[in-house]
Amino acid sequence: MTAKVIDGKLFAANVRAQVQVQVAKLREEHGIQPGLAVVLVGEDPASQVYVRNKHASTLEVGMASFEHRLAMDTTEAELLALVQALNADPAVHGILVQLPLPAHLNSDLIINSIDPAKDVDGFHISNVGLLGTGQKSMVPCTPLGCLMMLRDHHGSLAGLNAVVVGRSNIVGKPMAQLLLGDSCTVTIAHSRTKDLAAVCRGADILVAAVGRPEMITGDFVKPGATVIDVGINRIERDGRAKLVGDVHYESAAAVAGAITPVPGGVGPMTIACLLANTLTACCRAKGLAEPEGLTA
């Protein structure tokens, strides 16, 4: 068996195109421009790349982009004051504080100071609780992107067995909640799960988000299963840097029915879903109908 490759770059381009159409419609019919504010503290190189990409993507779909780059020694009080100002700014519909923050700043305190309605990362404790109880929330971008791709591939997910390997607050737990919401039977596994391979082999949908390079091999995959690889790991192989997922791609692809590659799978969907969340937040703030297919 050779697995179908789920092309995240193409799927993300389609999501961005849908967002662009809806943003143009908002401006034309209501005179509204969705706005995303991104806050970066310090000089972390990876974070700078992410913020630059988010800024470019935001402008590309016709949204307003507000960048706030703060010094490494920014105090907690200063950062909280900025977040409160953004909460109160009617031109800002989405707020994202780029993680990780410098060690002297309390990430939970900062994230939970964001207005939950503007929390387009979906990390605020209120949004976590709303998602966990099946209520309308802002949904974390990476799990939302995975859900969109799974719905597109399978149609209905009802009744399928899903295993999520990884229990992080950012991916594993919200992914499980979203799959439950679509009527899957869900198991959350992790690196300490007994006989992990056997647990994974029971999955019609296998989501790898454990943060260990190529940990999930073909032996973990049920024939014909859909494998979603959330991992992004930089390793050295044959003296060269290489980007790999949490799944050993070649062996898994020989067994699976469909699989996301790394790179080019889940990664591009994260920014696309950030834009979708900002659009959704704007529509909710203005009491307008949410665009279909762009949220959970």
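Residues numbered from 1 in each chain as written. Predicted model: local features only at pLDDT ≥ 70, side-chain atom pairs only at ≥ 80, totals over all residues. Heavy atoms only, no water.

## Section: the layout of surface pockets
Then step 1. Space inside the largest pocket adds up to approximately 1,300 Å³.
Then step 2. What lines the largest pocket is a set of 42 residues, among which Tyr50, Thr142, Ile232, Gly267 and Thr270 lie closest to the centre.
Then step 3. The element contributing the most residues to the lining of the largest pocket is helix 2 (residues 45–60), with six residues.
Then step 4. Split into classes, the residues belonging to the lining of the largest pocket amount to 24 nonpolar, twelve polar and six charged.
Then step 5. The calculated volume of the second largest pocket comes to roughly 430 Å³.
Then step 6. Lining the second largest pocket we find 19 residues, and of these Gly122, Phe123, Val128, Asn169 and Ile170 sit closest to its centre.
Then step 7. Those elements that place two or more of their residues in the lining of the second largest pocket are helix 4 (107–111), helix 5 (125–132) and helix 7 (172–181). (1 Å grid on protein atoms, 1.4 Å probe; cavity = no way out; pocket = protein on both sides within 12 Å on 5 of 7 lines; lining within 4 Å. Points joined across faces, edges and corners; volume = space filled by probe spheres on them. Helix = DSSP H or I, 4+ residues; strand = E, 2+ residues; numbered from the N terminus. Nonpolar A, V, L, I, M, F, W, Y, C, P; charged D, E, K, R; others polar.)

## Digging into the sheet that holds strand 3 (residues 64–70)
Then step 1. Strands sit in the order 3-2-4 across an open sheet of three strands; the sheet is parallel. Every interior strand has two partners, whereas the edge strands, strand 3 and strand 4 (94–97), have only one. Strand-to-strand twist across the sheet, computed as the mean angle between neighbouring axes with direction ignored, equals 15 degrees.
Then step 2. Bridge analysis of strand 2 (residues 35–41) against strand 4 gives four bridges, and the strand direction is parallel. Counterpart to Leu36 in the pairing with strand 4 is Gly94.
Then step 3. In the packing of helix 2 onto the sheet, contacts are made with strand 2, strand 3 and strand 4, and the angle to strand 3 comes to roughly 160 degrees. (Pairing = 2+ DSSP bridges. Axes fitted to C-alpha atoms, helices over the stretch in contact; angles between N-to-C directions. Contact = heavy atoms within 4.5 Å.)

## Details of the packing of helix 1 (residues 8–30) against helix 10 (residues 267–285)
Then step 1. As a packed pair, helix 1 and helix 10 sit with axes 8 Å apart at the nearest point and diverge in direction by 20 degrees. The orientation of helix 1 relative to helix 10 falls into the category roughly parallel. In this structure, helix 1 meets helix 10 at a crossing whose hand is left-handed. Judged by residue contacts, Gly8, Lys9, Phe11, Ala12, Val15, Arg16, Val19, Gln22, Val23 and Leu26 of helix 1 engage Pro268, Met269, Ala272, Leu275, Ala276, Leu279, Cys282 and Cys283 from helix 10.
Then step 2. Here the residues of the contact of helix 1 with helix 10 are counted per class, giving 14 nonpolar, two polar and two charged. (Parallel < 35°, antiparallel > 145°, perpendicular 65-115°, else oblique. Left-handed = near helix turned anticlockwise from the far one by under 90°.)

## Let's talk about a positive patch on the surface
Then step 1. On the surface, Arg167, Lys173, Arg192 and Arg212 cluster together into a patch of positive charge.
Then step 2. Relative to the helices and strands, Arg192 resides in the loop between strand 6 (185–189) and helix 8 (196–200). (Patch = residues over 30% accessible without salt bridge, like charges linked within 9 Å, V, L, I, M, F, W, Y side chains within 5 Å. Areas by Shrake-Rupley, 256 points an atom, 1.4 Å probe, with all protein chains shown as cover. Salt bridge = Lys/Arg side-chain N within 4 Å of Asp/Glu carboxyl O. Lys, Arg positive; Asp, Glu negative; His and termini not counted. Charge placed at Lys NZ, Arg CZ, Asp CG, Glu CD.)

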